[in-house]
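So you can see what is in the structure, the chains are spelled out below.
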Protein chains: 2
Amino acid sequence: MSEYSVVGQKLPRVDAVEKVTGAAQYGADVHPAGMLYGKIVRSKHPHANILSIDTSEAEKLPGVRAIITQDDVPSGRRVFATNKVLYLGEPLAAIAATDPDIAEEAAELIKIEYEILPSVQDVTESIKPSAPRLHGDETKDGPNRRSIKAKIKELSGDQENNSAEIRKLEAELEKYADEIYYNISAETHTEAGDIEKGFEECDVVVEDTYVIPRVHQTYMEPHVSVASADSSGKITVWASTQGPFAIRSGIAGTLGIPLTQINVIGTTMGGGFGGRFGVIITHVPAVLLSQKSGRPVRVQMTREEEFLDGRPAPGCVIKLKTGATKEGHILARQALAFWDSGSVSGASIGSTIRVRGVYKIPNIKVDAYGVHTNKSGTAAYRAPGAPQAIFAGESQLDEIAERIGMDPVKFRLMNMREEGDSVPAGGTEPKVGYKETLEAVADAAGWWEREADENQGWGVAVGDWTNGCGPGGVYVSVHEDGSVRIFHGSMDITGTDTAITQIIAEILTVPYQNVTIRRGDTDSAPYSTGSGGSVVTFTMGNTAKLAAEDAHRRILELAAERLNTDKDNLELKDGGVHVVTADPPKSISLGELAAYSLSTTGGPIVGKGSFARQPSTPALAAQIAKVEVDPDTGRTRVLKLVASQDVGFAINPMAVEGQIEGGVVQGYAWAMMEEMQYNENGNVNPGFVDYRVPTSADLPTVESVIVEVPAPNGPYGAKGVGEPPITPTLATMANAVKDAIGIRVSELPIKPEKVVEALKNNGHGA
Amino acid sequence: MSEYSVVGQKLPRVDAVEKVTGAAQYGADVHPAGMLYGKIVRSKHPHANILSIDTSEAEKLPGVRAIITQDDVPSGRRVFATNKVLYLGEPLAAIAATDPDIAEEAAELIKIEYEILPSVQDVTESIKPSAPRLHGDETKDGPNRRSIKAKIKELSGDQENNSAEIRKLEAELEKYADEIYYNISAETHTEAGDIEKGFEECDVVVEDTYVIPRVHQTYMEPHVSVASADSSGKITVWASTQGPFAIRSGIAGTLGIPLTQINVIGTTMGGGFGGRFGVIITHVPAVLLSQKSGRPVRVQMTREEEFLDGRPAPGCVIKLKTGATKEGHILARQALAFWDSGSVSGASIGSTIRVRGVYKIPNIKVDAYGVHTNKSGTAAYRAPGAPQAIFAGESQLDEIAERIGMDPVKFRLMNMREEGDSVPAGGTEPKVGYKETLEAVADAAGWWEREADENQGWGVAVGDWTNGCGPGGVYVSVHEDGSVRIFHGSMDITGTDTAITQIIAEILTVPYQNVTIRRGDTDSAPYSTGSGGSVVTFTMGNTAKLAAEDAHRRILELAAERLNTDKDNLELKDGGVHVVTADPPKSISLGELAAYSLSTTGGPIVGKGSFARQPSTPALAAQIAKVEVDPDTGRTRVLKLVASQDVGFAINPMAVEGQIEGGVVQGYAWAMMEEMQYNENGNVNPGFVDYRVPTSADLPTVESVIVEVPAPNGPYGAKGVGEPPITPTLATMANAVKDAIGIRVSELPIKPEKVVEALKNNGHGA
């Protein structure tokens, strides 16, 4: 028996009915009176100089109410390209018209003169001197040149005595001319221990290159925004976003509008996964078009536009080297990663450090670069960067385990960090269920008794992630029938409103169905965190707890006044306040108290909670797959897929299972089929016909195992659960395929044709 | 120089732009997808038995989606008439159709068989045995029969010895057979002192009957409601109402739906004046039609329907008798009032006690009856019942003053209660600016030096009112640019949101324009008071103050943490926190603090306030008019109209002036032109062609004088200001007309034809 009656229960989601019946209002359902239809005019080439943009013909088309270009952006922040386009589909202008067809027709009437430039799609090509440049000729050094230069700098303090040595090093520098990287957008370098010495002490060293494709978050609902600028200058934006407050400040910054003049209303999200934070894609064009036309404007992307101009997850190339002793101790790991950041900066390069995993590796060196290519920019996708880095790290661990002849689970268990171990980033390891989680999945999957027929194999991998933490405010009020209302400003991201509702029902001891939760817009709600980084249940759950506790205090005070007793004699339970010392029993229901409150000086029962930061605790996901590979077709069939996760505490185990299943499915798809494909003309599979996502027929049954090692600062010990489950799946699948057919696929996805090709090269083929 | 920088200032209303530009969303602007149009089928007779209602033909009309009658009302509460209709326009059924014309056509297809009954329109007729009965044959006794019966009851303790006396009294009872009243809906009786002895001691006694017509609140926007029942049973109602929470509980009670299943969204009100609290008129039919059709339904009244089935202010007949000494001391006042409650109970009869005014009258007797007539029920209208009672009381005061030869202002001043005087209802009189207010209007109007040409005259009157107090909750949050958001659940009633905004801006020392106020629906806001009874600024102003003070505390705590000092050294002023002890000066802006808060454990700056009851303080309105009556046309022209009012403290003097002007204009209209007219067929002037309201060409300029005697429990000393200014205007106008032409009009309105007729009867005519 749980000590709780609402949290920890598998309760239906608060938004279940509206989602199932279609009552939920998505961005495309928003249609203010007089609304115009926006259309973004996009580059037809991945790399070209723009010689001219002529909108005059389009402006003459009846029904066209506004056309905007970069000239209309007050801050100058790049919303539209001007002199040069950097990717296929880059926005050049936008149109608002009374009808979508007119907008479409007007887009065709805008004359754009291009001077086509050669383009680059591949990070390993883009860093070369031969590659076309996106932003200029600046170069960055690779790892060897960096360390040689560091030594030269050190020696140059005593130029006289070290001149010979310096000359030698300068000559050595020449040898690494291929480490002069072009088109670099960002870099990050991390080192701990002594990497060279570390490798020297190893009995086994494995080195490989891992290639992970760019994939799209493929949320069901494309980006959409409706903006309405009224005559006072006040802007209302209905945005399909994970972070209304971020959109508010993004619009404010881009367009130079005070925050008080912008109200962002978050519409129900049709999936986000990290890709729905950006302000530029549809929101800013919608606002500009509304300002110019004086009418509300909806800008809504098609699926094709999503692929061309969404902000997908970056692909990357990771060169990884790992060394261990023959007893199985991992001593050193070194990574060199190139992340495809597209036309802009960024691209999760900081996540390269996740090749470290949750293992005691004393010597680490990571060099990561963001590389420009002629593609759109990227954004977060469920545990941004972790699936890529962990794919490399966990794939290579299996190679090491194989070389030293150790069971992959045991190998991982013996290297895992433990409570109190020092953490490379500083401090010591908290209590986390690393081993418990891996052991749980091994037990549940039958790892220790595993059997495999021909072409069958088993794979295991683990992935770690730590949830973020953001600011939040929650208001709670108790009404005259004893029911409760919650008001806050965070977007529901698949169950978070349900968790908040459960927490407040638990503390106020009211039936779950008597609690109503509502999301406010940025004009009415307190600042609330963006819904990403697995922060919502952690942050808003803690905030909700504080709000409910505040209301709880007021309830006891009121009851003490009403029942004429000291509040220390009172207990709130089962929806009423009871005098614990009373015999016969004496109590008052919450409804009676709420009705009574309306005639007291203190007034209605309301509570507030506000919260922002507390250290969070890492979480681990461990997965085991059993697969069978058909050597003739190259198809991989999943026979078993078990996923365990240390979630701290499952506030709603059903929702947690949903998150685990969702993460595993997305990881499985990335491993086996998804990839955005590019050639010299840009993206060539911008739609679900050519971009493969799994259908229900493709999907294995996912068996979830919940492990609960409470997080000290989480609400009821809960950790964020959304992101961890995607992190190990890519490697799990690759490890299972390797076990089945002896072939290590290190370039995703593990497509049938790739498997057939590899088997052929290995002598298995026809 | 005021000690305040935001409160006390004439600032523009927060909703000014949306009102002026048409951006405000009224009920008629709400149009959910798939919405049907509702139409209420109404009785064509004021009193009739219903033999049958046949909806079968209407149901067959294509486009008709639902027809409802009283059978569809689960609680049985009268929403539609069944066996008998009680007034012209009473609802019998309602239709929802895809088009308003189809609904109209369907209404004609509903066959209703009536058996017509005689009807009664006049309260003095309705109480007689000859009158048709609305609800039954029960009778009530008039004042003399009541007191005789009381004496008989007293004597019957000793039947033996008192039998002769009892027989005598019983015979006397017979003499008052005309005091057996029929069709009484309610009664109330109040007595203080010894009324008979009081009159005996008087030198002058005046007795008269005052007749005040039923008038409509004539808000610009007719009643409208849009209801949407979703497939889970959840009801959303967009209601044009003064009290969304009252509508929620009203719908819940009438239809047996839990509060959690109803969300009421208050739409911008196009005027209310007390007439927009009812739940039956449009809201319940809209909900029933939506439940039955499965589609959103809008029910919107026409202007004609407003007159037939609105809930206007009750008319009444007041017999009033007042006695005073020749020195001018009022010793006794007795009233017998019949209030026209229409088909239901109620009708402000409790306000008859307001004939007492703010005077020291030791002996008072008031008997008031609500009387059924074949008219719709009534509701509140700006200081419900007070204009009627005060019209009688203040008119008769002038008659007394004239008889004893005293100046009407001096006569009132000498009789006014003073601080510490005992109040008839109990307790003692607080400090109220009764005399200050009357003196202020006399000074401003030039009363003491007044001159009048032929047919010109001056009139004075005062009216008192005490604002109500209701429950409220307010949330406040401070955002990263230092701007502030307010969230609450009360409807703005002409300036109350502006007052709340000013109070919060004052306390948080931020510019008024950086504060945004938003109203929540009943699913998101804490319980908030209905917006009537002049409660909003008193209640929500106090609540807002508490919320801002809560945020203020958090701001100082945060600043102490950030500036590393004790919070006692800190002061919030000019939008920043300053270290008072620092030299050189040291401070941090609210914006910086709010941004900083997002990374603290305590989180965003939020404040809450909740409040319900505190005793409020009476307010006085005093008015003086100078008029000129044209004896040929009977038209009265207002040459001067000055209105003073003790408002406690004017949070926004411009808004206060607006309230004073609005109240005076409505009182002027009631005095001079407005009346709902009835004959045996029911209401005969259901529209603005026949029901006269003043246009701007009719209106005098109103000069406002604000008097500020702070109320101990009001925010900054403020009292409710909306209702008092209508209370004395009816009498002010009648007194001025009397002064001009020597004729006392005691039956309103003072229409030109009535004046001509009276002059003719007085020998002035042709």
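Sequence order as written defines the numbering, with residues in each chain counted from 1. Naming scheme: in the order in which they are written, chains are lettered from A and ligands are numbered from 1. Per-residue local features are limited, in this predicted model, to residues with pLDDT of at least 70; the limit for side-chain atom pairs, both in listing and counting, is 80 or more; totals at the level of whole chains, interfaces and linings are taken over all residues. Note that water and hydrogens are dropped before the side-chain values are worked out from all heavy atoms of the structure.

## Regarding the overall build of chain A
Now for step 1: The helix count covers DSSP runs of H or I at least four residues long, the strand count covers runs of E at least two residues long, and both are numbered beginning at the N terminus. From N to C terminus, chain A includes 19 helices and 30 strands.
Now for step 2: Within these notes, the globule rule equals 2.2 Å times the number of residues to the 0.38 power, and the radius of gyration is based on C-alpha atoms. In terms of C-alpha radius of gyration, chain A reaches 29 Å, essentially the compact-globule figure of 27 Å for 766 residues.
Now for step 3: Overall, the C-alpha framework of chain A stretches about 90 × 75 × 65 Å when taken along its three principal axes.
Now for step 4: What makes two residues a contact is simply this: any of their non-hydrogen atoms within 4.5 Å. For chain A, restricting intrachain contacts to residue pairs at least 6 apart in sequence, the fraction spanning at least 24 positions comes to 80%.
Now for step 5: As presented, chain A carries roughly 28400 Å² of accessible surface, and 47% of it is formed by carbon and sulfur atoms.
Now for step 6: Between the mean site of the 73 positive side-chain charges and the mean site of the 101 negative ones, chain A shows a separation of 2 Å. All accessibility values rest on the Shrake-Rupley procedure with a 1.4 Å probe; residue burial counts only the protein chains present in the view. For this count, His and the chain ends are skipped, Lys and Arg are scored as positive, and Asp and Glu as negative. The atom standing in for a charge is NZ when the residue is Lys, CZ when it is Arg, CG when it is Asp and CD when it is Glu.

## Focus on the sheet that holds strand E3 (residues 64-68) of chain B
Each strand in a sheet pairs with another by means of backbone hydrogen bonds, the pair being arranged parallel or else antiparallel.
Residue and element names in this part refer to chain B.
Now for step 1: By definition, two strands form a pair when at least two bridges between them are found by DSSP. Overall, mixed pairing links the seven strands, which are arranged E3-E5-E1-E14-E11-E12-E13 in an open sheet. Strands with a single pairing partner mark the edges of an open sheet, and in this sheet they are E3 and strand E13 (262-266). Taken over all neighbouring pairs, the strand axes of this sheet differ in orientation by 20 degrees on average, direction set aside.
Now for step 2: Here strand E11 (residues 224-229) pairs with strand E14 (residues 297-300) via four bridges, running antiparallel. Paired with Ser225 across the strands is Val299, a residue of E14.
Now for step 3: Axis geometry follows a simple rule: fit a line to the C-alpha atoms, using only the stretch in contact for helices, then measure angles between N-to-C directions, giving values from 0 to 180 degrees. Helix H3 (residues 100-109) rests against strand E1 (36-42), E3 and strand E5 (91-97) of the sheet, and its axis sits at about 25 degrees to E1.
Now for step 4: Contacting strand E12 (235-239) and E13, helix H8 (residues 244-255) runs over the sheet at an angle of about 145 degrees to E13.

## Considerations on a negative patch on the surface
Now for step 1: In this scheme, patches are assembled from residues that exceed 30% relative accessible area and form no salt bridge. Like charges are connected within 9 Å, while nonpolar side chains (Val, Leu, Ile, Met, Phe, Trp, Tyr) are connected within 5 Å. A pairing counts as a salt bridge when a side-chain nitrogen of Lys or Arg comes within 4 Å of a carboxyl oxygen of Asp or Glu. Taken together, the side chains of A:Glu191, A:Asp194, A:Glu196 and A:Glu200 make up a negatively charged region of the molecular surface.
Now for step 2: What makes A:Asp194 partly exposed here is its relative accessible area of 40%. Throughout, exposure labels follow a simple rule: accessible area from a 1.4 Å probe, protein chains only, divided by the maximum for the residue type, with under 20% read as buried, over 50% as exposed, and the rest as partly exposed.

## Quick word on helix H12 (residues 408-415) of chain B
Residue and element names in this part refer to chain B.
Now for step 1: The buried count for H12 comes to six of eight residues, which makes it a mostly enclosed element.
Now for step 2: All of the buried residues in H12 are Pro408, Val409, Phe411, Arg412, Leu413 and Asn415.
Now for step 3: Against the buried residues of H12 lie strand E16 (330-342), helix H11 (386-404), helix H13 (434-445), strand E18 (456-466) and helix H18 (729-741).
Now for step 4: Nitrogen and oxygen atoms within 3.5 Å of one another constitute a polar contact, given that in protein one can donate a hydrogen and the other can accept it, and given that sequence-neighbouring residues count only through two side-chain atoms. Structurally, the start of H12 carries an N-cap: the backbone nitrogen of Val409 is 2.8 Å from a side-chain oxygen of Asp407.

## Structural notes on the nonpolar core
Now for step 1: B:Ile212, B:Met416, B:Leu438 and B:Val627 are the most contacted members of the largest nonpolar core, which has 97 residues in total.
Now for step 2: Residue contributions to this core peak at nine residues, all from H11(B).
Now for step 3: For this analysis, a nonpolar core means a set of buried residues of the types Ala, Val, Leu, Ile, Met, Phe, Trp, Tyr and Cys, connected via side-chain atoms within 4.5 Å. In terms of nonpolar packing, the next biggest core, distinct from the first, is built from 96 residues, A:Val215, A:Ile349, A:Val460 and A:Val647 among them.

## Here we look at the interface of chain A and chain B
Now for step 1: Taken together, the 49 residues of chain A in the interface contact 51 residues of chain B.
Now for step 2: Buried area is calculated as the accessible area (1.4 Å probe) missing from two parts once they are joined, with the contributions of both summed. At the boundary of chain A with chain B, total buried surface from both sides reaches about 4100 Å², with 56% on carbon and sulfur atoms.
Now for step 3: Our count for the chain A to chain B interface comes out at eight salt bridges.
Now for step 4: Across the salt bridge formed by B:Arg248 and A:Glu480, the nearest N and O atoms sit 3.2 Å from each other.
Now for step 5: For the pair chain A and chain B, the interface holds 24 residue pairs in polar contact (both at pLDDT 80 or more).
Now for step 6: Listed by contribution, the elements that provide at least two residues to the side of chain A that touches chain B are helix H1 (16-21), helix H8 (244-255), strand E19 (472-478), strand E20 (484-488), strand E21 (515-519), helix H15 (536-563) and strand E25 (605-611) of chain A.

## Looking at the relation of the copies chain A and chain B
Now for step 1: Fitting of the copies onto one another was done by least squares over C-alpha atoms, counting residues only where both copies have pLDDT of at least 70. Here chain A sits on chain B after a turn of 180 degrees about the axis and a move of 0.0 Å along it, with an RMSD of 0.1 Å. With respect to symmetry, the two chain copies, as superposed, fit the operation of a two-fold axis. No C-alpha of chain A approaches the rotation axis more nearly than that of A:Lys608, which lies at 3.4 Å.

## Overview of the pattern of salt bridges
For side chains of opposite charge, pairing can occur when their charged atoms come near one another.
Now for step 1: Scanning all chains against the criterion turns up 90 salt bridges over all chains.
Now for step 2: One salt bridge in this structure joins A:Arg146 and A:Glu187, with 3.9 Å as the shortest N-O distance. With A:Arg146 in helix H5 (residues 143-155) and A:Glu187 in strand E9 (residues 184-192), the pair connects residues that are 41 residues apart, well separated along the chain.
Now for step 3: The class of A:Arg146 is partly exposed, set by a relative accessible area of 34%.
Now for step 4: A residue is classified by how much of its surface remains accessible, and A:Glu187, at 29% relative accessible area, is partly exposed.
Now for step 5: The salt bridge partner of B:Glu201 is B:Lys197, with a shortest N-O separation of 3.4 Å.
Now for step 6: Classification of B:Glu201 by relative accessible area gives partly exposed; the value is 44%.
Now for step 7: For B:Lys197, a relative accessible area of 45% corresponds to the partly exposed category.
Now for step 8: Because the salt bridges share partners, they merge into one network encompassing A:Arg42, A:Glu305, A:Asp309 and A:Arg311.

## Side note on the sheet that holds strand E21 (residues 515-519) of chain B
Residues and elements named next belong to chain B.
Now for step 1: Sheet architecture is open: four strands sit in the order E21-E20-E19-E25, paired in mixed fashion. Since the sheet does not close on itself, it has two edges, and those belong to E21 and strand E25 (605-611), each with one partner. Across the sheet, the mean angle from the axis of one strand to that of its neighbour is 15 degrees, orientation sign disregarded.
Now for step 2: Note that strand E20 (residues 484-488) and E21 share five bridges and pair parallel. Each bridged residue has a counterpart across the sheet, and for Arg485 the counterpart in E21 is Thr516.

## Here we look at the packing of helix H14 (residues 496-508) of chain A against H15(A)
Residues and elements named next belong to chain A.
Now for step 1: At a minimum axis separation of 9 Å, H14 and H15 run at an interaxial angle of 25 degrees. As summarised for this structure, H14 and H15 are arranged roughly parallel, according to the angle between their axes. Between H14 and H15 the crossing geometry is right-handed. Here Thr496, Ala499, Ile500, Ile503, Ile504, Ile507 and Leu508 of H14 come into contact with H15, specifically with Val536, Thr537, Met540, Gly541, Ala544, Lys545, Ala548, Glu549, Ala551, His552 and Ile555. Orientation categories follow fixed angle ranges, with anything under 35 degrees roughly parallel, anything over 145 roughly antiparallel, 65 to 115 roughly perpendicular, and all other angles oblique. Should the near helix be turned counterclockwise from the far one by less than a right angle, the crossing is left-handed, whereas a clockwise turn marks it as right-handed.

## Section: unusual backbone geometry
Now for step 1: B:Asp583 connects to B:Pro584 through a cis peptide bond whose omega is 5 degrees.
Now for step 2: Tracing the backbone through its elements, the reader meets B:Pro584 in the loop between strand E23 (576-579) and strand E24 (587-589).
Now for step 3: In this structure, the amide linkage connecting B:Leu748 to the following residue, B:Pro749, adopts the cis form with an omega of -5 degrees.
Now for step 4: The residue B:Pro749 is located in the loop between H18 and helix H19 (752-761) in this model.
Now for step 5: Despite not being glycine, A:Asp574 has its phi angle at roughly 50 degrees, a positive value.
Now for step 6: Take A:Asp574: it is sitting in the loop between strand E22 (570-573) and strand E23 (576-579).
Now for step 7: The backbone phi angle of B:Tyr716 is positive, close to 60 degrees, even though this residue is not glycine.

## Focus: the environment of A:Lys608
Now for step 1: Mapped onto the elements, A:Lys608 comes out in strand E25.
Now for step 2: The class of A:Lys608 is buried, set by a relative accessible area of 17%.
Now for step 3: The spacing of A:Lys608 and A:Ile486 is 122 residues in sequence and 9.7 Å in space, taken between C-alpha atoms.
Now for step 4: If we ignore the near neighbours within four places in the chain, the residues touching A:Lys608 are A:Val474, A:Tyr475, A:Leu546, A:Ala547, A:Asp550, B:Asp550, B:Val606, B:Gly607 and B:Lys608.
Now for step 5: At a separation of 2.9 Å, a polar atom in the side chain of A:Lys608 contacts the main-chain carbonyl oxygen of B:Val606.

## Overview of the environment of B:Lys738
Now for step 1: By secondary structure assignment, the location of B:Lys738 is in helix H18.
Now for step 2: For the pair B:Lys738 and B:Trp458, spaced 280 residues apart in sequence, the C-alpha separation works out to 8.5 Å.

## Some thoughts on the environment of B:Pro710
Residues and elements named next belong to chain B.
Now for step 1: When you line up the elements, Pro710 lands in the loop between strand E30 (703-707) and H18.
Now for step 2: Note: C-alpha distance between Pro710 and Val432 (278 residues apart in sequence) is 8.2 Å.
Now for step 3: For Pro710, the contacting residues outside a window of four places in its chain are Gly648 and Gly717.

## Focus on the packing of aromatic side chains
Now for step 1: For this analysis, a ring pair means two rings from Phe, Tyr or Trp (six-membered ring only for Trp) whose centres lie within 6.5 Å, classed as stacked if their planes differ by under 30 degrees, edge-to-face if by over 60, and tilted for the remaining angles. The final tally for this structure, using the stated rule, is 28 aromatic pairs over all chains.
Now for step 2: For A:Arg276, the ring lying beneath its charged end belongs to A:Tyr219, and the centroid distance is 4.4 Å.
Now for step 3: Here, over-ring charges are defined by two tests on the NZ atom of lysine or the CZ atom of arginine: distance to the ring centre within 6 Å, and angle to the ring normal within 35 degrees. The aromatic ring of B:Tyr716 is capped on one face by B:Lys545, whose charged end is 5.0 Å from the ring centroid.

## A word on the confidence of the model for chain A
Close inspection of predicted coordinates is inappropriate in any region flagged by low pLDDT.
Now for step 1: Looking at chain A as a whole, its pLDDT mean stands at 95, while 99% of the residues score no less than 70.
Now for step 2: Confidence estimates for the predicted assembly give a pTM of 0.93 and an ipTM of 0.91. Scored from 0 to 100, pLDDT reflects the predictor's confidence in each residue.

## With respect to the side chain of A:Asp497
Now for step 1: Locating A:Asp497 in the fold gives a position in helix H14.
Now for step 2: Beyond its immediate stretch of four places on either side in the chain, A:Asp497 contacts A:Val14, A:His488, A:Ser490, A:Asp492 and A:Ile517.

## Digging into the packing of helix H5 (residues 143-155) of chain B against helix H6 (residues 159-175) of chain B
Residues and elements named next belong to chain B.
Now for step 1: Viewed as axis vectors pointing N to C, H5 and H6 meet at an angle of 170 degrees, and their least axial separation amounts to 9 Å. Accordingly, the angle class assigned to the pair H5 and H6 is roughly antiparallel. Contacts between H5 and H6 involve Arg145, Ile148, Lys149, Lys151, Ile152 and Leu155 from the first element and Gln159, Asn162, Glu165, Ile166, Leu169, Glu170, Glu172 and Leu173 from the second.
Now for step 2: Only Asp, Glu, Lys and Arg are considered charged, only Ala, Val, Leu, Ile, Met, Phe, Trp, Tyr, Cys and Pro nonpolar, and every remaining residue, Gly among them, polar. Within the contact of H5 with H6, the residues separate by chemical class into six nonpolar, two polar and six charged.

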